[in-house]
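Residue-level structure breakdown
Listed below, chain by chain, are the residues.
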Number of protein chains: 2
Amino acid sequence: MATGRAHRPATRSRGIPEATVARLPLYLRALTALSERSVPTVSSEELAAAAGVNSAKLRKDFSYLGSYGTRGVGYDVEYLVYQISRELGLTQDWPVVIVGIGNLGAALANYGGFASRGFRVAALIDADPGMAGKPVAGIPVQHTDELEKIIQDDGVSIGVIATPAGAAQQVCDRLVAAGVTSILNFAPTVLNVPEGVDVRKVDLSIELQILAFHEQRKAGEEAAADGAAPPVAARKQQRSTGSADQGPDGDVPAVMPA
Amino acid sequence: MATGRAHRPATRSRGIPEATVARLPLYLRALTALSERSVPTVSSEELAAAAGVNSAKLRKDFSYLGSYGTRGVGYDVEYLVYQISRELGLTQDWPVVIVGIGNLGAALANYGGFASRGFRVAALIDADPGMAGKPVAGIPVQHTDELEKIIQDDGVSIGVIATPAGAAQQVCDRLVAAGVTSILNFAPTVLNVPEGVDVRKVDLSIELQILAFHEQRKAGEEAAADGAAPPVAARKQQRSTGSADQGPDGDVPAVMPA
DNA sequence: CATTGTGAAACAATTCACAGCC
DNA sequence: GGCTGTGAATTGTTTCACAATG
């Protein structure tokens with residue numbers, strides 16, 4: 001993660017481990033699904049299965065938030081949804097700008113889970129003047145020239161970069177200069193940012209390469225342990241990737257604004 | 001499983017840490033950029049800066065691969081590119097299928113870095129019969145019915161799921177049944193897969209929620225340490241790696257051929 | 001003598017296992 | 001009896017610091 005770490009004497013009394021923070025959204029999603037099915041309570045075992053982690057980890061994670069469960073019973077779904085939302089800061093409104101409206105930018109703009117959780121697409125921005133005014137996901141695309149004004153007027157603090165790699169640093173600099181302090185970068189580039197600005201990246205090609213590594217290893221083992229019985233049996237929950245327990249990265253290229 | 005490829009020339013014992021594997025693609029990208037600029041050698045310090053990590057970590061990472069550097073000099077760029085590529089399995093061809101050709105699927109299909117590194121889009125698949133035959137990124141979309149045949153005929157072992165959440169598990173099951181053993185999942189769902197199948201996920205809303213958490217914390221600290229240097233002060237693009245560990249799990253992208 | 005490679009130390013995350021409570 | 005919450009043990013990762021070396 002990218003938090004500047006110069007002086008930070010252990011954040012508040014609330015020192016939630018980064019690995020835990022990365023899993024909270026996962027729990028929240030599972031809880032939301034339960035909530036929609038009007039399930040009142042859930043055990044750590046059940047919730048862990050739904051989120052794809054093991055129950056000990058889940059309980060440990062929750063223990064950093066407080067004691068929100070009831071021994072012998074489990075957790076109150078609605079209450080937990082609220083607590084996690086609050087902890088993640090989702091009880092407030094986060095206006096977001098998406099820069100680079102190619103296929104990827106459009107996909108992001110159309111992404112539902114976006115709007116649903118406190119995030120609001122404040123603006124779609126593209127460098128192509130031909131895109132200006134064109135609606136994507138019901139929102140008219142605006143030209144890059146408007147970037148600073150939009151950020152300041154709407155108090156945007158989160159920016160999403162979905163431009164080609166070549167434009168990313170420049171866009172990043174403008175976002176930061178205008179006041180954005182958190183950036184989600186889909187361009188396959190390392191962004192340089194000042195202290196205090198958080199950057200997370202999503203990079204498709206990195207994810208594929210990691211998969212290739214493991215795939216190769218599987219092939220090698222297979223050849224080595226040649227003819228061994230195929231161990232395909234019990235179902236395993238996926239492990240998340242790094243970054244967020246999912247970490248990952250994936251760089252998806254915005255197919256350039258034509 | 002398709003290609004049996006016993007391959008273990010490396011003198012190192014098996015077991016490169018997962019965290020290291022996740023960073024190799026990053027180093028590779030930075031090295032590729034250097035290679036294109038015909039830079040012959042690079043020090044751990046320089047390369048680390050380009051990849052956005054610190055040099056001690058980089059050296060430790062490389063130490064798991066073997067001793068490929070020269071004391072007092074640095075690393076030979078071309079040689080390292082080759083060694084890392086080999087370690088990641090990128091010296092072989094990896095056919096990939098992308099299922100779900102919406103905006104996201106199209107963005108992925110158009111992604112250049114895809115084809116560049118051993119990955120080849122073997123097929124684009126969508127459930128909408130209306131899409132069939134329509135070319136995306138120069139490749140005609142095929143109907144879901146063809147999925148099994150394509151995977152078997154092309155020996156595909158890596159699948160990318162870019163469908164809506166509701167279809168993901170079903171698509172996943174079919175991919176796995178047909179022989180896919182590595183999946184990159186863009187749908188916001190936890191996938192259940194049998195033992196031996198790798199899943200990595202890329203989830204936009206999780207990334208945003210993590211950013212929101214840190215953003216909220218910044219706001220809190222600001223209020224607490226009131227009056228302290230406004231986060232909007234020294235805002236110049238710096239090459240500082242100070243706040244630089246970007247990425248979810250500590251993966252950082254580097255320059256890439258646009 | 002600049003720079004790698006690596007033990008050892010420090011730190012972080014995960015898992016175990018069980019006391020405590022409903 | 002069932003399930004949470006958490007210290008303690010374990011495993012994994014990062015950082016330090018310096019001896020080894022081209």
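Here is what the cut-offs are and how they apply
- Residues numbered from 1 in each chain as written.
- Chains lettered and ligands numbered in written order.
- Predicted model: local features only at pLDDT ≥ 70, side-chain atom pairs only at ≥ 80, totals over all residues.
- Heavy atoms only, no water.
- UniProt positions renumbered as here; feature names shortened; annotations may be inferred.
- Helix = DSSP H or I, 4+ residues; strand = E, 2+ residues; numbered from the N terminus.
- Buried < 20%, exposed > 50% of the residue type's maximum accessible area, 1.4 Å probe, protein only.
- Contact = heavy atoms within 4.5 Å.
- Areas by Shrake-Rupley, 256 points an atom, 1.4 Å probe, with all protein chains shown as cover.
- Near = heavy atom within 4 Å.
- Polar contact = N/O pair within 3.5 Å; in protein donor to acceptor, adjacent residues only side chain to side chain.
- Nonpolar A, V, L, I, M, F, W, Y, C, P; charged D, E, K, R; others polar.
- Pairing = 2+ DSSP bridges.
- Axes fitted to C-alpha atoms, helices over the stretch in contact; angles between N-to-C directions.
- Phe/Tyr/Trp six-rings, centres within 6.5 Å; stacked < 30°, edge-to-face > 60°.
- Parallel < 35°, antiparallel > 145°, perpendicular 65-115°, else oblique.
- Core = buried A, V, L, I, M, F, W, Y, C linked by side-chain atoms within 4.5 Å.

- By the naming in UniProt, chain A goes by Redox-sensing transcriptional repressor Rex and is assigned to Streptomyces coelicolor.
- Quoted verbatim from the Subcellular location field of the UniProt record, the comment on chain A reads "Cytoplasm".
- UniProt's Sequence similarities comment on chain A is quoted here verbatim: "Belongs to the transcriptional regulatory Rex family."

1. Some details on the overall build of chain A
- Along the backbone of chain A there are nine helices and eleven strands.
- For chain A, buried positions account for 57% of its 258 residues.
- If you take every contact in chain A between residues at least 6 apart in sequence, the share linking residues at least 24 apart comes to 62%.
- Summed over all atoms, the accessible surface of chain A reaches about 10,300 Å², with 53% contributed by carbon and sulfur.

2. Structural notes on the protein's contact with DNA strand D
- Around DNA strand D sit 24 residues, and of these A:Ser44, A:Tyr75, B:Arg23, B:Asn54 and B:Arg71 come closest.
- Here a base nitrogen of DNA strand D sits 2.9 Å away from a polar atom, N or O, in the side chain of A:Arg59.
- B:Ala19 is positioned such that a nitrogen or oxygen atom in its backbone is 3.4 Å from a phosphate oxygen of DNA strand D.
- Within the residue set of the surface near DNA strand D, elements represented by two or more residues are helix H3 (55–65), strand S2 (69–70) and strand S3 (74–76) of chain A together with helix H1 (18–36) and helix H3 (55–65) of chain B.
- Across the surface near DNA strand D, the residue classes tally to five nonpolar, ten polar and nine charged.

3. A closer look at the sheet that holds strand S10 (residues 198–201) of chain A
Residues and elements named next belong to chain A.
- Reading across the sheet, the seven strands line up as S6-S7-S5-S4-S8-S9-S10 and stay open at both edges, with mixed pairing between neighbours. What marks the edges here is a single partner per strand, and that holds for strand S6 (135–136) and S10.
- Where helix H5 (residues 103–110) meets the sheet, its contacts fall on strand S4 (94–99), strand S5 (119–126), S6 and strand S8 (158–161), and the angle it forms with S4 comes to roughly 160 degrees.

4. Comments concerning the UniProt feature "DNA-binding region" in chain A
- The residues that UniProt annotates with the feature "DNA-binding region" are residues 26–65 of chain A.
- This span, residues 26–65 of chain A, is 75% helix and 5% strand, and a straight line between its end C-alpha atoms measures 15 Å.

5. Examining the packing of aromatic side chains
Residue and element names in this part refer to chain A.
- Inspection of every chain in the model, using the stated rule, returns six aromatic pairs over all chains.
- Consider the rings of Phe62 and Tyr75, whose centres lie 5.2 Å apart with planes at 85 degrees: the pair is edge-to-face. With Phe62 in helix H3 and Tyr75 in strand S3, this residue pair connects regions lying 13 residues apart in the sequence. The burial state of Phe62 is the same as that of Tyr75; both residues are buried.

6. Things to note about the UniProt feature "binding site: NAD(+)" in chain A
All names here are of chain A.
- Under the feature "binding site: NAD(+)", the UniProt entry names Gly100, Ile101, Gly102, Asn103, Leu104 and Gly105.
- Among the secondary structure elements, Gly100 is positioned in the loop between S4 and H5.
- Residue Gly100 is classed as buried on the basis of its relative accessible area, which comes to 6%.
- Discounting chain neighbours no more than four positions away, the residues touching Gly100 are Gly105, Ile125, Asp126, Ala162 and Thr163.
- With respect to the secondary-structure elements, Ile101 resides in the loop between S4 and H5.
- Residue classification places Ile101 among the buried positions, given a relative accessible area of 4%.
- Each residue touching Ile101, except ones within four places of it in the same chain, is listed here: Ala106, Leu124, Ile125, Asp126, Met131, Val136 and Val141.

7. Examining the packing of H1(B) against H3(B)
Residue and element names in this part refer to chain B.
- Interaxial distance between H1 and H3 falls to 10 Å at its minimum, and their mutual angle equals 105 degrees. Relative to H3, the element H1 lies roughly perpendicular. Residues Thr20, Arg23, Leu24 and Tyr27 of H1 form the contact with H3, whose own contacting residues are Lys57, Leu58, Asp61, Phe62, Tyr64 and Leu65.
- Looking at the contact of H1 with H3 residue by residue, the class counts come to six nonpolar, one polar and three charged.

8. What about the protein's contact with DNA strand C?
- Around DNA strand C, the surrounding shell holds 24 residues, and the nearest of these are A:Arg23, A:Asn54, B:Ser44, B:Arg59 and B:Tyr75.
- Among the atoms of DNA strand C lying within 4 Å of the protein, the sugar-phosphate backbone contributes 63%.
- B:Lys60 has a polar side-chain atom sitting 3.3 Å from a base nitrogen of DNA strand C.
- Within the backbone of B:Gly72, an N or O atom sits 3.0 Å from a sugar or linking oxygen of DNA strand C.

9. Digging into the side chain of A:Asp61
All names here are of chain A.
- Checked against the element boundaries, Asp61 lands in helix H3.
- The exposure class of Asp61 is buried, given its relative accessible area of 1%.
- Of the polar contacts made by the side chain of Asp61, one reaches the side chain of Arg23; its length is 2.7 Å.
- Once you skip the residues sitting within four places of it in the chain, Asp61 turns out to touch Thr20, Arg23 and Tyr27.

10. Considerations on the side chain of B:Thr181
- If you trace the backbone, B:Thr181 turns up in the loop between helix H8 (165–178) and strand S9 (182–185).
- The class for B:Thr181 is buried, based on a relative accessible area of 9%.

11. Some words on the packing of helix H2 (residues 44–51) of chain B against H3(B)
Residues and elements named next belong to chain B.
- Closest axis-to-axis distance for the H2/H3 pair is 8 Å, and the angle between their directions is 105 degrees. Overall, the two elements H2 and H3 adopt an arrangement that is roughly perpendicular. Listed contacts from H3 to Ser44, Glu45, Leu47 and Ala48 of H2 are Ser55, Leu58, Arg59 and Phe62.
- Of the residues assigned to the contact of H2 with H3, the class counts are four nonpolar, two polar and two charged.

12. Focus on the nonpolar core
- Judged by nonpolar contacts, the single largest core of 113 residues is most densely connected at A:Ile84 and B:Ile84.
- Not counting chain neighbours up to four residues away, the residues in contact with B:Ile84 comprise B:Leu24, B:Tyr27, B:Leu28, B:Leu31, B:Phe62 and B:Leu65.

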